[in-house]
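Read off the chains here:
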Amino acid sequence: MKIHEKYINRCIQLAQNGLGRTYPNPVVGSVIVHNEVIIGEGWHQKAGEPHAEVNAVNSVKVKSLLPKSTIYVSLEPCSHYGKTPPCSNLIIDCGIKKVVIGTVDPFSEVAGKGIKKLMDAGCEVRVGVLEQECRELNKRFFTFHTKKRPYIILKWARSSDGFLAPLPLKNAKRKPVWITGKYTKQLVHKWRAEEQAIMVGTNTAVADNPQLNTRLWQGNDPVRLVLDRNLRIPADSYLFDGSVKTIVLTEDPSEKMLSKNVIFETLDFKEDLAQQVCEVLFRHEIQSVIIEGGRQTLQTFIDAGLWDEARIFTGKTHFKEGIKAPEVTGRLISETKVDQDHLKVIFND
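This structure is a prediction, so every number in the text was calculated from the model and none was measured.

Chemist: How should I be thinking about the pairing of strand β2 (residues 37–43) in this particular structure?
Modeler: For a regular strand, the rule is simple: side chains alternate between the two faces of the sheet. Where strand β1 (residues 29–34) lies against β2, 6 bridges are found, and the strand directions are antiparallel. Bridging from a neighbouring strand, V33 pairs with I38 of β2. The turn linking β1 back onto β2 is made up of 2 residues, and N35 within it adopts a positive phi angle of 50 degrees.

Okay, here's the thing in structure tokens:
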């Protein structure tokens with residue numbers, strides 16, 4: 001089994017190269033091994049483009065070795081026709097007889113059908129190698145298909161004395177008050193490129209006028225979401241500049257402003273707000289979201305228990321008074337330093 005773990009681990013490493021680029025597809029890696037030597041490898045690079053198994057097969061220089069080789073893949077090979085042909089068919093057509101799979105695909109169009117097709121064709125199939133690691137790799141995809149909601153990441157920065165922001169100042173300009181340093185800011189933009197959406201509340205949108213894009217990192221801009229019950233956010237805000245798809249969650253969109261690339265969704269702000277947000281995101285096929293604030297928005301999801309991961313920065317800034325940062329309890333995954341800032345990651349088990 002150890003030898004299988006070695007190659008599935010390599011599949012996981014490869015798959016991570018596609019994070020943020022494959023939605024709505026999962027990230028997948030694959031390697032092809034002959035006599036304990038990797039002769040081909042690949043990963044799914046972008047939705048609509050060849051899957052990991054195709055790229056792995058195409059990278060093999062001596063195709064005659066394929067029938068004598070084992071293919072490893074972090075997620076069950078697909079069995080249906082989508083934008084690309086089924087990978088299980090490709091494996092069979094190449095004459096590969098040994099297949100090792102990290103975990104079963106939860107998507108109903110696959111969900112064991114790829115494995116069955118391979119076995120019916122006479123392939124020797126092993127499933128469940130580094131299964132937990134492979135599920136963690138695609139935690140967004142699994143959450144979306146099994147819980148019918150996006151994977152929810154809460155993120156905030158707090159001062160050294162536990163505040164999200166100082167008390168509002170008169171005549172304050174519409175720009176954020178930075179608690180953390182430039183390296184943390186860049187890391188956050190990297191995270192944005194990895195997730196499908198990002199969300200803030202009304203007060204944050206009004207006070208900070210955020211862009212919520214990936215200008216400090218190469219990658220796709222996430223879909224922007226904002227809670228704006230009474231449509232208080234000024235029309236000249238960055239959120240309405242049309243550069244990125246933006247979803248406004250409001251109570252009454254009848255007076256909505258006209259702006260390209262902006263979608264209005266109606267919510268009942270008196271009833272299970274966090275759950276309603278999840279339903280809207282699921283309908284828009286959004287598999288992951290970073291909730292960046294403010295305090296009321298973060299607390300809404302914490303109180304509802306609708307979050308999977310919290311990423312909490314503590315900077316060296318000291319406010320003495322202000323808006324208190326929220327508190328969460330869960331399983332501490334890691335504590336690291338980003339230059340002068342402290343990062344804590346907590347899972348909601």
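Read on for the rest.
Chemist: Before we go on, may I ask you to explain unusual backbone geometry in this structure?
Modeler: Most peptide bonds take the trans form, and the phi angle of most residues other than glycine is negative. With an omega dihedral of 5 degrees, the bond running from Y23 to P24 counts as a cis peptide bond. With respect to the helices, strands and loops of the structure, P24 is situated in the loop between α1 (2–15) and β1. In this structure, the amide linkage connecting G293 to the following residue, G294, adopts the cis form with an omega of 5 degrees. Counting through the fold element by element, G294 comes out in the loop between β12 (288–293) and α10 (295–304). The residue K148 is not glycine, and still its phi comes out positive at about 60 degrees. Within the element layout of this structure, K148 appears in the loop between α6 (139–147) and β6 (151–158).

Chemist: For this particular structure, what's the right way to read the state of the cysteines?
Modeler: Should the sulfur atoms of two cysteines be covalently bonded, the bond is a disulfide. Applying the stated criterion across every chain, the model contains 0 disulfides. With no disulfide partner, C11 has as its closest neighbouring cysteine sulfur the one in C134, 7.5 Å distant. With no disulfide of its own, C123 lies closest to C94 among cysteine sulfurs, the gap being 11 Å.

Calculation notes
Residues numbered from 1 in each chain as written. Predicted model: local features only at pLDDT ≥ 70, side-chain atom pairs only at ≥ 80, totals over all residues. Heavy atoms only, no water. Pairing = 2+ DSSP bridges. Helix = DSSP H or I, 4+ residues; strand = E, 2+ residues; numbered from the N terminus. Disulfide = S-S within 2.5 Å.

On their own, these measurements won't tell you what the molecule is for.
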